[in-house]
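# Structural overview for review
Listed here are the chains, written in short residue letters.
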Amino acid sequence: MSLVEIKDLKVHYPIRSGFWNRVTDEVPAVDGITFNIEAGETYGLVGESGSGKSTTGKSVVGLEKVTSGSILYNGQDITKKENRRKLDYNHDVQMIFQDSLSSLNPRKRIEDIIAEPLRNFEHLSKEDEKLRVLQLLDIVGLDADALYKYPHQFSGGQRQRIGVARAVATNPKLIIADEPVSALDLSVQAQVLNFMKKIQREFGISYLFISHDLGVVRHMCNNIAIMNRGRLVEIGTRDDIYNHPLHIYTKRLLAAIPETNVNQRAAHRASRLAVEEVYREQQDKYYDSEGKAYPLVAVSPTHQVALPEAIAKQLAQQESEVQA
Ligand SMILES: Nc1ncnc2c1ncn2[C@@H]1O[C@H](COP(=O)(O)OP(=O)(O)O)[C@@H](O)[C@H]1O
Ligand SMILES: [Mg+2]
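An unreviewed UniProt entry lists the protein chain under the name Peptide ABC transporter ATP-binding protein, from Levilactobacillus spicheri. Listed in UniProt under the heading Sequence similarities (unreviewed entry), the comment for the protein chain reads: "Belongs to the ABC transporter superfamily."

Right, here's the structure in full:
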């Protein structure tokens, strides 16, 4: 049994309009996705803005009303509120957001921000609480004098580390990290990712790591799902996704990874344009007549792609010939 099993999850938002404010349509933000997160792993969920990643993340935390499907946590369906309560789910599962300046209360001191989940879930003495907060600051590499400061007195990278400290305060089993480093400079991104890895090793945490950038996920995740228009278009190991991508959408995301080496930029731009060209020409092959991604089919025990079976097999075959 996996730690988390997401089965055919759908989250459709109603659109209301007209004088009576009736529901006239819906946005299929998440439209039938299935994947598992193993205990202790970092699972990557990657797609462009608007593909439904945050809606998925919020559903897993229990912040979004699910239209259909199930999310099993240790085998229990947590889309039901009574199960979340019974399992003490809010204690086990925490979230880290992209924008730490707006997710950390600007009027509270760091001590109170980090202690908040402790006050909600654990009833420590004042001394023990302070000790625990100091430990947490130490874990994310911040000095004790941070205790009495406010969020605006820190850099973006430091604030993100404070967000990490707060998220791990209650020793959670699972953290949903929604674009945790997307607002940070490249050099600072690496620092925060390293802290997240270190904490994972120390506490045995699982992450659902959400990003629009396949470059960021590369060194964090062993398994990755690619999301597009509410559906998954490809699932695989790091090697499957980076070295043998099959769906044109995955190839586009790979081509969009920013090139940091100045000497490579011209070549990188040329290959990105080539992928865009193929995308324009062959789009029809990759989506059904309604423009939706196909159901996933397996091309190997670890690798699935959203294509009709014959095409999937043919592409996988071509891919392995190119590699040979
Ligand atoms: N509360 C909401 N009401 C209606 N539509 C929403 C709501 N939240 C998100 N959406 C829509 O759902 C889709 C997926 O959004 P989101 O999950 O935020 O994607 P991502 O995180 O990948 O950028 C988008 O089209 C977005 O506009
Ligand atoms: Mg988002």
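Within the open sheet, the eight strands sit side by side as β6-β7-β8-β3-β9-β10-β12-β11. Their pairing is mixed. Strand pairing shows two members of the sheet lacking a second neighbour, β6 (93-96) and β11 (297-298), which therefore form its edges. Across two bridges, the pairing between β11 and strand β12 (residues 304-305) is antiparallel. When the bridges of β12 are listed, A298 appears paired with Q304. The strands that helix α11 (residues 248-255) touches are β3 (42-46), β9 (223-228) and β10 (231-237); relative to β9, the one it contacts most, it runs at about 105°.

Right, let's talk about the packing of helix α5 (residues 110-121) against helix α6 (residues 126-139) for a bit. It is at 10 Å that the axes of α5 and α6 come closest, and there the two elements cross at 110°. By the angle class used here, α5 and α6 are roughly perpendicular. For the element pair α5 and α6, the recorded crossing hand is right-handed. Side by side, α5 and α6 meet where E111, I114, A115 and L118 of the first sit next to E129, R132, V133 and L136 of the second. A per-class count over the contact of α5 with α6 returns five nonpolar, no polar and three charged.

Around ligand 1 lies a shell formed by Y13, V27, A29, G47, S49, G50, S51, G52, K53, S54 and T55. Secondary structure elements with two or more residues in the shell around ligand 1: β2 (22-37) and α1 (53-61). Take the shell around ligand 1: its biggest share by element is three residues, from α1. The residue inventory of the shell around ligand 1, partitioned by class, reads three nonpolar, seven polar and one charged.

With that settled, consider the sheet that holds strand β1 (residues 4-17). Strand order in this open sheet of four strands is β2-β1-β4-β5, and the pairing throughout is antiparallel. Of all strands in the sheet, those bounded by a partner on one side alone are β2 and β5 (76-77). With two bridges connecting them, strand β4 (residues 68-73) and β5 associate as antiparallel partners. Note that in β5 the partner of L72 across the bridge is D77. Along the sheet face, α1 touches β1, β2 and β4 and points at about 75° away from the line of β2.

Spanning 14 residues, α6 covers 20 Å between terminal C-alpha atoms, matching the ideal 20 Å at 1.5 Å per step. Of the positions making up α6, those classed as buried are V133, L136 and L137. Within α6, the buried residues cover an arc of 100° as seen down the axis, which keeps them to one side. Seen from the open side of α6, the exposed residues pointing more than 90 degrees away from its buried face are E127, D128, L131, Q135 and D138. Among the structural elements, α5 and α7 (156-168) are those in contact with the buried residues of α6.

Its location among the elements puts Q94 in strand β6. With 78 residues separating them along the chain, Q94 and P172 place their C-alpha atoms 6.6 Å apart. In contact with Q94, other than residues within four places in its own chain, are A167, P172 and I175.

This brings us to the nonpolar core. In this structure, I114, A165, I175, L208, F209, I226 and L232 are the most contacted members of the largest nonpolar core, which totals 78 residues. Once you skip the residues sitting within four places of it in the chain, L208 turns out to touch I37, Y43, L45, G57, V60, I176 and A177.

Turning to unusual backbone geometry, a few remarks are in order. If a residue is not glycine, its phi is most likely negative; likewise, a peptide bond is most likely trans. One non-glycine residue with positive phi stands out, namely N21, at about 55°. Following the sequence through the fold, N21 ends up in the loop between β1 and β2.

Turning our eyes to something else, we now look at α7. For α7, with 13 residues, the first-to-last C-alpha span of 19 Å sits near the 18 Å given by 1.5 Å per residue. Most of α7 sits out of view: 11 of its 13 residues are buried.

To continue, consider the pairing of β1. When β1 meets β4, the two strands line up antiparallel, connected through five bridges. Opposite K10, over in β4, you have S68 as the bridge partner. Here β1 runs beside β2; their pairing, made up of 11 bridges, is antiparallel. Opposite V4, over in β2, you have I37 as the bridge partner.

About the cut-offs
- Residues numbered from 1 in each chain as written.
- Chains lettered and ligands numbered in written order.
- Predicted model: local features only at pLDDT ≥ 70, side-chain atom pairs only at ≥ 80, totals over all residues.
- UniProt positions renumbered as here; feature names shortened; annotations may be inferred.
- Pairing = 2+ DSSP bridges.
- Helix = DSSP H or I, 4+ residues; strand = E, 2+ residues; numbered from the N terminus.
- Contact = placed C-beta atoms within 7 Å.
- Axes fitted to C-alpha atoms, helices over the stretch in contact; angles between N-to-C directions.
- Parallel < 35°, antiparallel > 145°, perpendicular 65-115°, else oblique.
- Left-handed = near helix turned anticlockwise from the far one by under 90°.
- Nonpolar A, V, L, I, M, F, W, Y, C, P; charged D, E, K, R; others polar.
- Near = placed C-beta within 6 Å.
- Expected span 1.5 Å × (residues − 1).
- Buried ≥ 20, exposed ≤ 12 C-beta atoms within 10 Å, placed from the backbone.
- Arc of directions from axis to C-beta.
- Core = buried A, V, L, I, M, F, W, Y, C linked by C-beta atoms within 7 Å.

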